[in-house]
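A closer look at the structure
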Amino acid sequence: MWPFSGKGVWLLYDPDRLEPEDFVERLAEVRAKLDVGGVLVGSSFLEGDICGAVRRVKALLDLPLILFPGSHYQLCGDYDYVLFLSLLSGRNPQYLIGEQVRAAPLIKRLGLKVIPTAYILVEGGTYTATEFVSNTKPIPREKTELIVAHALAGKYMGFAAVYLEAGSGAILSVPLEAVRRVKEETGLPLIVGGGIRASEEVAEFHDAGADIVVIGTALEDGSIAL
Ligand code: 1GP
């Protein structure tokens, strides 16, 4: 179910924000310093042609492309994997099961490989697009036990991985203590993202138990500190 080995970084590509060629150029710079193991493709609000952009990225890169879906309409056949997310921290049925039911037949038809992922939104010090678009509230960042309880529920429901998300552009990333505890309690592959800007932070998250650290905004706006 979890096809990756070791710890690494995934860079988030939002086709609404960068041209494929520009993204690939920036990725090359990061790759010289960090172990980039994949590219997440997704957008919480998509205007452009995601599938066309994915094909252009794929032609230029030798990394797995993983859909990080904001909606079922972002599916197409060019991804290597799909994070089959359920937004467990929320209580909005559309993102708990509605989008998944719409996506499932298309995933089957396209023959895509899915990674069932418990997606948990943690308060990141600002009002993020994830929160707005999903119409859900994040878990308060100091409520470690509540974060752990959601992750454990995900484990018992059979999810193959946990994604702790502070939201794209978060001011505060997920607390390290929450990362540590979720890893300890679930033992599941753990993805962490939202507001991470520096290679030192990547190392801290890896040490705390994250398998994959996701960076999006800092790559897009050039503020990434390597
Ligand atoms: C968003 O976790 C990712 O879903 C990345 O967040 O854009 O803040 O890096 P940033």
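What counts as what
Residues numbered from 1 in each chain as written. Predicted model: local features only at pLDDT ≥ 70, side-chain atom pairs only at ≥ 80, totals over all residues. Heavy atoms only, no water. Axes fitted to C-alpha atoms, helices over the stretch in contact; angles between N-to-C directions. Helix = DSSP H or I, 4+ residues; strand = E, 2+ residues; numbered from the N terminus. Contact = heavy atoms within 4.5 Å. Nonpolar A, V, L, I, M, F, W, Y, C, P; charged D, E, K, R; others polar. Buried < 20%, exposed > 50% of the residue type's maximum accessible area, 1.4 Å probe, protein only. Pairing = 2+ DSSP bridges. Right-handed = clockwise from strand over helix to strand, strands pointing away. Near = heavy atom within 4 Å. Polar contact = N/O pair within 3.5 Å; in protein donor to acceptor, adjacent residues only side chain to side chain. Areas by Shrake-Rupley, 256 points an atom, 1.4 Å probe, with all protein chains shown as cover. 1 Å grid on protein atoms, 1.4 Å probe; cavity = no way out; pocket = protein on both sides within 12 Å on 5 of 7 lines; lining within 4 Å. Sits in = over half its atoms within 2 Å of the grid points. Points joined across faces, edges and corners; volume = space filled by probe spheres on them.

Across the interface, helix H6 (residues 176-186) lies against helix H7 (residues 199-208) with an axial gap of 8 Å and an inter-helix angle of 35 degrees. Taking contact as the criterion, the partners of Leu-176, Val-179, Arg-180 and Lys-183 in H6 are, on H7, Glu-204, Phe-205 and Ala-208. For the contact of H6 with H7, the residue count by class is four nonpolar, no polar and three charged.

Turning to H7, its buried residues are Ser-199, Val-202, Phe-205, His-206 and Ala-208. Check the buried side of H7 and you find it contacts strand S1 (8-13), H6, strand S7 (190-193) and strand S8 (212-215). The positive-phi residue at the C-terminal boundary of H7 is Gly-209, with phi of around 130 degrees.

Looking at where Ile-120 falls in the secondary structure, it is placed in strand S5 (residues 114-121). When the C-alpha positions of Ile-120 and Tyr-163 are compared, they lie 6.0 Å apart, and in sequence the two are 43 residues distant. With residues near it in sequence (within four places) discarded, Ile-120 still touches Ser-89, Ile-139, Ile-147, His-150, Ala-151, Val-162, Tyr-163, Leu-164 and Glu-165.

This part is about the pairing of S5. Along S5, seven of the eight residues are buried, which leaves the element largely enclosed by surrounding structure. Here six bridges tie strand S4 (residues 81-87) to S5, and the two strands are oriented parallel to one another. Within the sheet, the bridge partner assigned to Leu-85 lies in S5 and is Thr-117. Following the backbone out of S4, through helix H3 (residues 93-110) and into the adjacent parallel S5, one traces a crossover that is right-handed. Of the strand pairs in this sheet, S5 and strand S6 (residues 161-165) are connected by five bridges, and their pairing is parallel. The partner of Ile-120 across the bridge, within S6, is Leu-164.

On to the environment of Ala-149. Residue position: Ala-149 is located in helix H5 (residues 144-156). Looking at Ala-149, the relative accessible area reads 39%, which means it is partly exposed. Ala-149 sits 101 residues away from Gly-48 along the chain, and the two C-alpha atoms are 37 Å apart.

Before going further, it helps to examine the site of the ligand. Surveying the vicinity of the ligand reveals 14 residues, the closest of which are Glu-165, Ser-168, Gly-169, Gly-195 and Thr-217. Within the backbone of Gly-194, one N or O atom sits 3.0 Å away from an oxygen atom of the ligand. Protein coverage of the free-state accessible area of the ligand, which is 300 Å², stands at 98%. Assessed atom by atom at 2 Å from the grid points, the ligand resides in the largest pocket. Those elements that place two or more of their residues in the shell around the ligand are S6 and S8.

Counted as a void, the largest pocket has a volume near 750 Å³. Lining the largest pocket are 47 residues; nearest its centre among them are Ser-44, Phe-68, Pro-69, Gly-70 and Tyr-119. With six residues, the single largest contributor to the lining of the largest pocket is S4. Of the residues that constitute the lining of the largest pocket, the class distribution is 22 nonpolar, 18 polar and seven charged.

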